[in-house]
Amino acid sequence: MSNIGILGGGTWGTALGVLLHQAGHHVTLWSALPEEVSQLTKTRRHPNLPGLVIPEGIRFTEDIAQAVQGMEAVVFAVPSPFVRETARKAAPLMTDGQIAVDVAKGMEADTLLTMTQVIEDEIRNPNIKTVALSGPTHAEEVALGLPTTIVSACECASAARRVQDLFTTDTLRVYTNADKTGVELSGAMKNIIALAAGISAGLGFGDNAKAAIITRGMVEITRLGLCMGCQESTFAGLAGIGDLIVTCTSLHSRNNRCGMLLGKGVPPTEAIARVGMVVEGIHALPAAMRLMERYQVDMPIVRAVNAVVFEQADPMETVTELMRRDRKTEAVLP
């Protein structure tokens, strides 16, 4: 049995906390929001996880030290825009031998760092390994104990295996992967493609268009990943095509829901407000555009979503422009 701290009281942090508790670990969950700590402590329920009763054994706290000090693993489960701030708070409390596990999916727009790189940039301790835990994992299903698979990614094999051991249960099967950058890039970019899938549905398009977006979106992600030195097999795996499929096809996906609103003509700020949670794909767009330019990679779907979100482009006209692009053979990856 291990002591595990979770930083972030959202749906994913709460669902993982319940899973880890059921696996026999001692879980302490921290939130920066006092009202969230109070609500979770009193009601033992999360408003966005219907049907879940949070076990009494999970401790909630406003004191980040209680969720970091003495923990074997510290799970960063805050939305990607808040990972750096959270890592800065946790850094002076972390000690040699601990494992930092990131479950947020995104990239920092100004630095182009992945989330584990952001954590490493703040902790600055080579004796603390960072692991990316990513895959096709809706919190709503994990919380209910529905069968799920995920990837523990780290260049340090022993750290990846340790996280695999900690998180594996009868309902969560964990695989390892040494290509941490590829896993994290997939997790960030797939949210943008999910926005595209949602826009397509909002415009009234069908399964044909959705299949095209998923397939060609994966080509774009893979093309970028290979230019960044990632392994092609990663994009054909759970953290790649697996996560992309689930995010593009499920109404659990906030990116998909936001995209549907955009396709129906709802302005981006209003669409985000209606979703009511952080829409990671919106935050990933600036980094994606900069990476596209840096590596001179063609990503027309990503570019089209950026035009709709940030350039007030008409969604239907944008689709027409995509369909009228120069004719070509099905792309061979670089």
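Below is a short write-up of the structure. Remember, it's a predicted structure, so these values are computed and weren't measured experimentally.

What to know about the pattern of salt bridges
All chains considered together, the criterion is met by 15 salt bridges. The partner of Glu120 in a salt bridge is Lys180, and the shortest N-O contact between them spans 3.2 Å. Of this pair, Glu120 sits in helix H5 (residues 115-123) while Lys180 is found in helix H8 (residues 180-202), placing the two residues 60 residues apart along the sequence. Judged by relative accessible area, Glu120 falls into the partly exposed class, the value being 34%. Note that Arg325 and Asp298 form a salt bridge whose closest N and O atoms lie 3.2 Å from each other. Here the residue Arg325 occupies a position in the segment after helix H16 (315-323), and Asp298 occupies one in the loop between helix H14 (280-295) and helix H15 (300-310), the gap between them amounting to 27 residues. Since its relative accessible area comes to 33%, Arg325 is described here as partly exposed. Accessibility expressed as a relative area gives 30% for Asp298, which makes it partly exposed. A single salt-bridge network, built from bridges that share partners, covers Arg84, Arg88, Glu108, Asp121, Glu122 and Arg124.

Focus on the pairing of strand E4 (residues 73-76)
Burial along E4 is two-sided: Ala73 and Val75 facing one way and Val74 and Phe76 facing the other are all buried. Where strand E1 (residues 3-7) lies against E4, four bridges are found, and the strand directions are parallel. Note that in E4 the partner of Ile4 across the bridge is Ala73. Handedness of the E4-helix H4 (residues 83-90)-strand E5 (residues 99-102) crossover: right-handed.

Here we look at the packing of H8 against H15
In contact at an axis separation of 9 Å, H8 and H15 are set at 70 degrees when each is read in the N-to-C sense. Taken as axis vectors, H8 and H15 run roughly perpendicular relative to one another. Two packed elements cross with a definite hand, and for H8 against H15 that hand is left-handed. Contacts between H8 and H15 involve Ile192, Ile193, Leu195, Ala196 and Ile199 on the former and, on the latter, Ile301, Val302, Val305 and Val308. Grouping the constituent residues of the contact of H8 with H15 by class yields nine nonpolar, no polar and no charged.

Description of the nonpolar core
Within soluble globular proteins, side chains that are nonpolar generally end up buried alongside one another. Grouped together as the largest cluster of nonpolar side chains are 43 residues, with contacts concentrated most on Met189, Ile192, Ile193 and Val302. Elements that contribute at least two residues to this core include exactly H8, helix H9 (207-227), helix H11 (238-249), helix H12 (254-263), helix H13 (268-275), H14 and H15. Those residues in contact with Ile192, other than ones at most four positions away along the chain, are Gly281, Ala284, Leu285, Ala288, Val302 and Val305.

Overview of the sheet that holds strand E6 (residues 129-134)
Strand order in the open sheet formed by eight strands is E3-E2-E1-E4-E5-E6-E7-E8, with mixed pairing between adjacent strands. What marks the edges here is a single partner per strand, and that holds for strand E3 (59-61) and strand E8 (172-177). Between one strand axis and the next, the sheet turns through 25 degrees on average, direction left out of account. Pairing geometry for E5 and E6, over four bridges, is parallel. The partner of Ile99 across the bridge, within E6, is Lys129. The sheet contacts of H11 involve E6, strand E7 (148-153) and E8, and relative to E7 the element is tilted by about 140 degrees.

What about H11?
Side chains three or four residues apart in an α-helix point the same way, a direct result of the helix having 3.6 residues per turn. Those residues of H11 not exposed but buried are Ala239, Gly240, Gly242, Asp243, Leu244, Val246, Thr247 and Cys248. Residues of H11 that are buried make contact with E6, E7, H8, H9, helix H10 (232-235) and H12.

Some words on the environment of Arg303
With respect to the secondary-structure elements, Arg303 resides in helix H15. When its relative accessible area of 37% is taken as the criterion, Arg303 is described as partly exposed. Taking the C-alpha atoms as reference points, Arg303 and Met289, 14 residues apart in sequence, are found 7.2 Å from one another. For Arg303, the residues in contact, after removing those within four places along its chain, are Met289, Met292 and Asp298.

Analysis parameters
Residues numbered from 1 in each chain as written. Predicted model: local features only at pLDDT ≥ 70, side-chain atom pairs only at ≥ 80, totals over all residues. Heavy atoms only, no water. Salt bridge = Lys/Arg side-chain N within 4 Å of Asp/Glu carboxyl O. Helix = DSSP H or I, 4+ residues; strand = E, 2+ residues; numbered from the N terminus. Buried < 20%, exposed > 50% of the residue type's maximum accessible area, 1.4 Å probe, protein only. Pairing = 2+ DSSP bridges. Right-handed = clockwise from strand over helix to strand, strands pointing away. Axes fitted to C-alpha atoms, helices over the stretch in contact; angles between N-to-C directions. Parallel < 35°, antiparallel > 145°, perpendicular 65-115°, else oblique. Left-handed = near helix turned anticlockwise from the far one by under 90°. Contact = heavy atoms within 4.5 Å. Nonpolar A, V, L, I, M, F, W, Y, C, P; charged D, E, K, R; others polar. Core = buried A, V, L, I, M, F, W, Y, C linked by side-chain atoms within 4.5 Å.

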